[in-house]
Amino acid sequence: MEKEISITQVGNIRIGQVEDTKAATGCTVIISEQGMAAGLDVRGGGPASRDSELLDPLAAAGFVHAVLLAGGSAFGLDCAGGVMAYLEERDIGFDVGVTKVPLVVQSDLFDLTVGDKSVRPDRAMGYEAAKRAMEAPNYRDGNFGAGCGATVGKICGMDTCMKSGIGSYAIELGELKIGAIVAVNALGDIYDWKTGKKIAGLLTEDKNGFRDTIEVMKQSIAVHENKFVENTTIGAIITNAKFDKSQLCKIAGMTHNGYARAIRPVHTTADGDSIYALSVGDVSADQDLVGTLAADVMSEAIKRAVENAETAYGFVSASDL
């Protein structure tokens, strides 16, 4: 029988977060000193990412040292440079003779319309997040790290959306451990994946209840000109099961089923929905079982991201609605 554990108990990872609460942006970094096999599956039409090609099964790299989730849209991709600098100082990376090159992959969400659009995660923030991960791990669900400026339900603009955040969930089944971290910044509405009940999303004009995003979209078949901002859900599955890069790409793809259960609509052209799958152990486990459980774990992490968010920046949270 599976039991719940903390995301930090999956093993062989360190997680650090930094946020600028005034500017409403931040970053969350997952670090493995020894390196971790990693796969990636991108289903949204507008991703902002760095070094994604490293995770192509045909690419030479068999592992990475860090996965970075951040705000700031494409501007925030500078953040990875700070993570690299910190890890290089500590001799962590791929040995190229003259130095060790930390392999850091990154995905960003769009939060520029929430706080100060001129402030984005940068090298300094990435460095600090890596430092916290290695020296004082500080992961928390809610308005932290990459979830600082996250919002959901934005088909009608920012006036009737809700505050979201970053969330996590992890389970243990015998020797197998699987966890998820996700920053939920969706165009669509958020549902409890077990009950089907809507828990966050597009508000009515008086902000006292919900509207259905898909029903609003049905009201006009005309092209919506302003969808291409404000969105993207980014997350990672972490397991102590041993898989190679190609297997992890498949697991990441199966994990997107968790997005689909909890977010509607999802994988739109206005979202950059991305999921990393990370192997940080040597437990032998069935790939399809892990992929199936990963989708469940991710759905629950999405729910917890919404439940742990706090009202901020004029956007109400599920707990206060």
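Our structure's up above, just so we're on the same page.
Residues numbered from 1 in each chain as written. Predicted model: local features only at pLDDT ≥ 70, side-chain atom pairs only at ≥ 80, totals over all residues. Heavy atoms only, no water.

A. Structural detail: the overall build of the protein chain. Across its full length, the protein chain carries 5 helices and 17 strands. The C-alpha radius of gyration of the protein chain comes to 18 Å, within 12% of the 20 Å expected for a compact globule of 321 residues. Along the three orthogonal principal directions, the C-alpha set of the protein chain runs to about 60 × 45 × 35 Å. The buried share of the protein chain, reckoned over its 321 residues, is 58%. Long-range pairs, those at least 24 residues apart, make up 80% of the contacts in the protein chain with a sequence separation of at least 6. Split by element, the accessible area of the protein chain, about 12800 Å² in all, is 48% carbon and sulfur. When the 30 basic and 43 acidic side-chain charges of the protein chain are each reduced to a single mean position, those positions are 2 Å apart. (Helix = DSSP H or I, 4+ residues; strand = E, 2+ residues; numbered from the N terminus. Rg over C-alpha atoms; globule rule 2.2 N^0.38 Å. Buried < 20%, exposed > 50% of the residue type's maximum accessible area, 1.4 Å probe, protein only. Contact = heavy atoms within 4.5 Å. Areas by Shrake-Rupley, 256 points an atom, 1.4 Å probe, with all protein chains shown as cover. Lys, Arg positive; Asp, Glu negative; His and termini not counted. Charge placed at Lys NZ, Arg CZ, Asp CG, Glu CD.)

B. Expanded view of the packing of aromatic side chains. Taken as a whole and judged by the stated rule, the model has 2 aromatic pairs. An angle of 55 degrees between the planes, with centres 6.4 Å apart, marks the rings of Phe 63 and Phe 94 as tilted. With a gap of 31 residues between them, Phe 63 in the loop between strand 4 (48-50) and strand 5 (64-70) and Phe 94 in strand 6 (residues 94-95) connect regions that are remote in the sequence. Classification of Phe 94 by relative accessible area gives partly exposed; the value is 43%. For the ring pair Tyr 86 and Tyr 127, a centre distance of 5.3 Å and an interplane angle of 80 degrees mean the geometry is edge-to-face. With Tyr 86 in helix 1 (residues 79-89) and Tyr 127 in helix 2 (residues 123-135), this residue pair connects regions lying 41 residues apart in the sequence. Arg 90 extends its terminal NZ or CZ atom over the ring of Tyr 86, reaching a point 3.7 Å from the ring centre. The cationic tip of Arg 120 hangs over the ring face of Phe 75; the distance from NZ or CZ to the ring centre is 3.6 Å. (Phe/Tyr/Trp six-rings, centres within 6.5 Å; stacked < 30°, edge-to-face > 60°. Lys NZ or Arg CZ within 6 Å of the ring centre and 35° of its normal.)

C. A look at the nonpolar core. Core analysis: the biggest nonpolar cluster contains 36 residues, and Ile 178, Ile 190, Tyr 259, Ile 263, Met 298 and Ile 302 have the highest contact counts within it. Put simply, the parts of the chain that give this core at least two residues each are strand 11 (166-173), strand 12 (176-183), strand 14 (198-200), strand 15 (234-241), helix 4 (245-262), strand 17 (274-283) and helix 5 (287-307). Looking at this core, the element that brings in the most residues is helix 5, giving 9 residues. Contacts of Met 298, omitting those with residues within four sequence positions, involve Ala 180, Ile 181, Val 182, Gly 235, Ala 236, Ile 237, Thr 255, Tyr 259 and Ile 275. (Core = buried A, V, L, I, M, F, W, Y, C linked by side-chain atoms within 4.5 Å.)

D. Spotlight on helix 5. The end-to-end C-alpha distance of helix 5, which contains 21 residues, comes to 30 Å, matching closely the 30 Å that a straight helix rising 1.5 Å per residue would cover. N-cap assignment for helix 5: the residue whose side-chain oxygen lies 3.0 Å from the backbone N of Asp 288 is Asp 286. (Expected span 1.5 Å × (residues − 1). Polar contact = N/O pair within 3.5 Å; in protein donor to acceptor, adjacent residues only side chain to side chain.)

E. Quick look at unusual backbone geometry. Between Arg 264 and Pro 265 the backbone carries a cis peptide bond, its omega angle lying at -10 degrees. When you line up the elements, Pro 265 lands in the loop between strand 16 (263-264) and strand 17. Positive phi, normally seen in glycine, also occurs at Ser 73, with a value near 55 degrees. Judged by relative accessible area, Ser 73 falls into the buried class, the value being 17%. Phi is positive for Lys 207, close to 65 degrees, though the residue is something other than glycine. With respect to the helices and strands, Lys 207 occurs in the loop between strand 14 and helix 3 (213-218). According to the relative accessible area criterion, Lys 207 is partly exposed, its value standing at 39%.

F. The arrangement of the pairing of strand 17 in detail. Within strand 17, 9 of the 10 residues are buried, leaving the element largely enclosed by the surrounding structure. As judged from the 6 bridges shared by strand 3 (residues 25-42) and strand 17, these two strands associate in the antiparallel manner. Within the sheet, the bridge partner assigned to Leu 40 lies in strand 17 and is Tyr 276. (Pairing = 2+ DSSP bridges.)

G. Spatial organisation of the sheet that holds strand 16. Taken together, 3 strands build an open sheet; the order of strands is 14-13-16 and the sheet is antiparallel. Strands with a single pairing partner mark the edges of an open sheet, and in this sheet they are strand 14 and strand 16. Two elements, strand 13 (residues 189-191) and strand 14, share 2 bridges in a ladder whose sense is antiparallel. Across the sheet, residue Tyr 191 finds its bridge partner in strand 14, namely Lys 198. Each of strand 13, strand 14 and strand 16 touches helix 5; the most contacted strand, strand 14, lies at about 50 degrees to it. (Axes fitted to C-alpha atoms, helices over the stretch in contact; angles between N-to-C directions.)

H. Layout of the packing of helix 1 against helix 2. Two elements in contact, helix 1 and helix 2, have axes separated by 6 Å at closest approach and are oriented at 45 degrees. With respect to each other, helix 1 and helix 2 are oriented oblique. Handedness of the crossing formed by helix 1 with helix 2: right-handed. Together, Cys 79, Gly 81, Gly 82, Val 83, Ala 85, Tyr 86 and Glu 89 of helix 1 and Arg 123, Met 125, Gly 126, Tyr 127, Ala 130, Lys 131, Met 134 and Glu 135 of helix 2 make up the contact between the two elements. (Parallel < 35°, antiparallel > 145°, perpendicular 65-115°, else oblique. Left-handed = near helix turned anticlockwise from the far one by under 90°.)

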